[in-house]
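Results of the structural survey
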There are 2 protein chains.
Amino acid sequence: MPEELASLDAVAAIERFSLAVVEAVAGIVPAVKPQIACFERYGAEGIGCYHRVVAAAREAGLIVIADVKRGDIGSSAAHYAAAYLGAKGGPDAITVSGYFGADGLAPFIDAARDAGKGIFVLVRTSNPSAKDIQDFSDVRGKLFFERMAAAVAEIGDAEGLVGQAGYSCVGAVVGATYPDEARTLRKLMPRQLFLVPGYGAQGASANDCAASFDQTGRGAIVNASRSVIYAFADQQYA
Amino acid sequence: MPEELASLDAVAAIERFSLAVVEAVAGIVPAVKPQIACFERYGAEGIGCYHRVVAAAREAGLIVIADVKRGDIGSSAAHYAAAYLGAKGGPDAITVSGYFGADGLAPFIDAARDAGKGIFVLVRTSNPSAKDIQDFSDVRGKLFFERMAAAVAEIGDAEGLVGQAGYSCVGAVVGATYPDEARTLRKLMPRQLFLVPGYGAQGASANDCAASFDQTGRGAIVNASRSVIYAFADQQYA
């Protein structure tokens, strides 16, 4: 946080900071991906602030991807879907967990389709220990995250979910920190938009990110969060 | 919802209902597992209500397992951990996603250990399509959720995490709807407390749940949510 916010209480400082980031990036980048955990930490007040920041970003013309990573059995997923993917206001898309499979994703997909919004299912995450879990391998050397990708492609390419540009409203999170995997995943999910975290603070380069785009040079959105919002601390941008 | 709550606004009705459930079950059951999605649907107001219900349940002497199923890379997981596993107040335990692996779980585990609380990692969920994703199988027929279980056991049995009763503060969610899998998982995770959803509304029987207990007849907590909180609608309990 910049020093001039030090005198505010935490949520007020976060709100001032977040709205300043929105103002700084509007018109320069197409989308923002606010991480709800940073807000949720402060309970109801933090969540209220999150929803206000999302609304301000949308008003500023930004696409808002709410990074909430929610997921549950269908009956609970329906409540999360109502919270974030309703037709009136709220973010344009959210990140979700695919661990529950098709019936856990269905309420999110139904809500996204009805509201003209989208979801990004966690397929390959960008953190170092992702591979310990997600690289579990079957008899033919197929990896678990490839199974998740196949499920996302199958579920996301159903009737009514693919738009005029050829992309599904069901996208995938594919960490830029694993470019070889991203190439494989691009083949498995030709109609998925990729949300690509890992650029910047987590170490991936622009070259690493290129693997997530499709043959037309589209189909991915690269996310740089910490390297942008903490740029004030860098002498050259201060 | 009972008819007499129909005139209240949604959050007020949910709060009145939840507090009545807490009052009804306190002294009869050891623990409650409030599902945050039902509250989060109503934004900041709903989250405020959630935290009040958690506090009321703790005051009533109940162990509170916050069913939040959060999970993210470490830097974000640390914020979720601060939200729910702080030493002052809040729930006694939370459910978390294990998809990110060890570094995504670490902040939750550190916070739980420091506060004398616990986490339950999603290993085998209780919903019908769980198996489409979680039964992905390796060359020796080992299933993906067994890999997740092995990771939970390995991570959870580290020094300082196993208490005097022989159980780790890192437990596992193991759906009662798959009793054969529960028997396998009990062997893979001897020191994990199992949180067992699926009894009641989701179709599992008491017999199905027995598979999750260990040889001493302990080590599991069976969760019946909808069959208890909606009992008012059943003629015999009305």
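Residues numbered from 1 in each chain as written. Chains lettered and ligands numbered in written order. Predicted model: local features only at pLDDT ≥ 70, side-chain atom pairs only at ≥ 80, totals over all residues. Heavy atoms only, no water.

Identification of chain A as Orotidine 5'-phosphate decarboxylase from marine sediment metagenome is taken from an unreviewed UniProt entry. Of chain A, the UniProt comment under Pathway (unreviewed entry) reads exactly: "Pyrimidine metabolism; UMP biosynthesis via de novo pathway; UMP from orotate: step 2/2." Regarding chain A, the UniProt comment filed under Catalytic activity (unreviewed entry) reads as follows: "orotidine 5'-phosphate + H(+) = UMP + CO2". (UniProt positions renumbered as here; feature names shortened; annotations may be inferred.)

Looking now at the sheet that holds strand 2 (residues 63-70) of chain A. All names here are of chain A. The sheet built from seven strands is open, its strands ordered 1-2-3-4-5-6-7 with parallel pairing. The sheet terminates laterally at strand 1 (31-32) and strand 7 (220-222), the two strands that pair on one side only. Pairing geometry for strand 4 (residues 118-124) and strand 5 (residues 170-174), over five bridges, is parallel. From the neighbouring strand, Phe120 faces strand 5, where its bridge partner is Gly171. Along the sheet face, helix 5 (residues 102-115) touches strand 2, strand 3 (93-96), strand 4 and strand 5 and points at about 145° away from the line of strand 4. (Pairing = 2+ DSSP bridges. Helix = DSSP H or I, 4+ residues; strand = E, 2+ residues; numbered from the N terminus. Contact = heavy atoms within 4.5 Å. Axes fitted to C-alpha atoms, helices over the stretch in contact; angles between N-to-C directions.)

Residue and element names in this part refer to chain B. Taking strand neighbours across the sheet as the criterion, the seven strands line up as 1-2-3-4-5-6-7 in an open arrangement whose pairing is parallel. Two strands bound the open sheet, and with one partner strand each, they are strand 1 (31-32) and strand 7 (220-222). Relative to strand 2 (residues 63-70), strand 1 is paired through two bridges, and the arrangement is parallel. Across the sheet, the residue bridging to Ala31 is Ile63, located in strand 2.

Moving on to the relation of the copies chain A and chain B. Rotating chain A by 180° and moving it 0.0 Å along the rotation axis overlays it on chain B with an RMSD of 0.0 Å. The symmetry that links the two subunits is that of a two-fold axis. A shared interface surface links the copies, since 100% of the contact residues of chain A are contact residues in chain B too. (Least-squares fit on C-alpha atoms with pLDDT ≥ 70 in both.)

A separate point is the side chain of Gln35 of chain B. Inspection of the secondary structure puts Gln35 of chain B in the loop between strand 1 and helix 2 (37-40). Within polar-contact distance, the side chain of Gln35 of chain B engages the side chain of Asp67 of chain B at 3.4 Å. Every residue in contact with Gln35 of chain B, bar those within four places of it in the chain, is listed here: Asp72, Ser76 and Tyr80 of chain A together with Tyr50, Asp67 and Lys69 of chain B. (Polar contact = N/O pair within 3.5 Å; in protein donor to acceptor, adjacent residues only side chain to side chain.)

Moving on, we come to the interface of chain A and chain B. Counting residues at the interface gives 57 residues for chain A and 57 residues for chain B. Buried surface at the junction of chain A and chain B, both sides included, amounts to about 4500 Å², of which 61% is carbon and sulfur. A per-residue breakdown of the area chain A buries against chain B is headed by Tyr99, Ile133 and Phe136 of chain A, which together make up 19% of the total. Here chain A is connected to chain B by four salt bridges. (Buried area = accessible area lost by both parts, 1.4 Å probe. Salt bridge = Lys/Arg side-chain N within 4 Å of Asp/Glu carboxyl O.)

All names here are of chain B. Counting through the fold element by element, Arg186 comes out in helix 8 (residues 179-188). For the buried Arg186, no salt bridge exists, and the shortest N-O distance to an oppositely charged side chain is 4.9 Å, to Asp214. A polar contact is formed between the side chain of Arg186 and the backbone oxygen of Ser212, at a distance of 3.0 Å. Look past the residues within four positions of Arg186 in its chain and what remains in contact with it is Gln192, Phe194, Ala211, Ser212, Phe213, Asp214 and Gly219. (Buried < 20%, exposed > 50% of the residue type's maximum accessible area, 1.4 Å probe, protein only. Lys, Arg positive; Asp, Glu negative; His and termini not counted.)

Turning our eyes to something else, we now look at the pairing of strand 4 (residues 118-124) of chain B. Residue and element names in this part refer to chain B. Along strand 4, seven of the seven residues are buried, which leaves the element largely enclosed by surrounding structure. Examined bridge by bridge, strand 3 (residues 93-96) and strand 4 share four bridges and lie parallel to one another. Bridging from a neighbouring strand, Val96 pairs with Val121 of strand 4. This β-α-β element, strand 3 to helix 5 (residues 102-115) to strand 4, shows right-handed connectivity. (Right-handed = clockwise from strand over helix to strand, strands pointing away.)

Attention now moves to unusual backbone geometry. Residue and element names in this part refer to chain A. Backbone geometry places Lys69, a non-glycine residue, at a positive phi of 50°. Inspection of the secondary structure puts Lys69 in strand 2. You can call Lys69 buried: its relative accessible area is 9%.

This part covers the environment of Lys142 of chain B. Secondary-structure assignment places Lys142 of chain B in the loop between helix 6 (130-134) and helix 7 (144-156). In this structure the C-alpha to C-alpha distance between Lys142 of chain B and Ala201 of chain B, which are 59 residues apart in sequence, comes to 30 Å. Discounting residues that sit within four places of it in the chain, Lys142 of chain B has contacts with Phe136 of chain A together with Phe136, Ser137 and Arg147 of chain B.

On to the pattern of salt bridges, then. In total, this model carries 26 salt bridges over all chains according to the counting rule given. When the shortest N-O distance is used, the salt bridge between Arg70 of chain A and Glu40 of chain B registers 2.8 Å. Of this pair, Arg70 of chain A sits in strand 2 while Glu40 of chain B sits in helix 2, which puts the two residues in different chains. In this structure, Arg70 of chain A and Glu40 of chain B share a single accessibility class: buried. The partner of Asp157 of chain B in a salt bridge is Arg191 of chain B, and the shortest N-O contact between them spans 3.0 Å. Taken as a pair, Asp157 of chain B in the loop between helix 7 and strand 5 (170-174) and Arg191 of chain B in the loop between helix 8 and strand 6 (194-196) lie far apart in primary sequence, 34 residues in all. Judged by relative accessible area, which is 36%, Arg191 of chain B ranks as partly exposed. Beyond isolated ion pairs, a larger network of salt bridges with shared partners links Lys33, Asp67 and Lys69 of chain A together with Asp72 of chain B.

Our next topic: the pairing of strand 3 of chain A. Within a regular strand, side chains alternate between the sheet's two faces. All names here are of chain A. Both faces of strand 3 are covered, namely the face carrying Ala93 and Thr95 and the face carrying Ile94 and Val96. As paired elements, strand 2 and strand 3 share three bridges and run parallel to each other. In the strand pairing of strand 3, Ala66 is matched with Ile94. In this fold, strand 2 hands off to helix 4 (residues 74-84), which returns the chain to strand 3; that crossover is right-handed.

So, about the packing of helix 7 (residues 144-156) of chain A against helix 8 (residues 179-188) of chain A. Residue and element names in this part refer to chain A. Running from N to C, helix 7 and helix 8 cross one another at 30°; their axes reach a closest spacing of 9 Å. With respect to their mutual orientation, helix 7 and helix 8 come out roughly parallel. As helix 7 packs across helix 8, the resulting crossing turns out to be right-handed. Of the residues in helix 8, those in contact with Phe145, Glu146, Ala149 and Ala153 of helix 7 are Glu181, Thr184, Leu185 and Leu188. Of the residues belonging to the contact of helix 7 with helix 8, the class tally is five nonpolar, one polar and two charged. (Parallel < 35°, antiparallel > 145°, perpendicular 65-115°, else oblique. Left-handed = near helix turned anticlockwise from the far one by under 90°. Nonpolar A, V, L, I, M, F, W, Y, C, P; charged D, E, K, R; others polar.)

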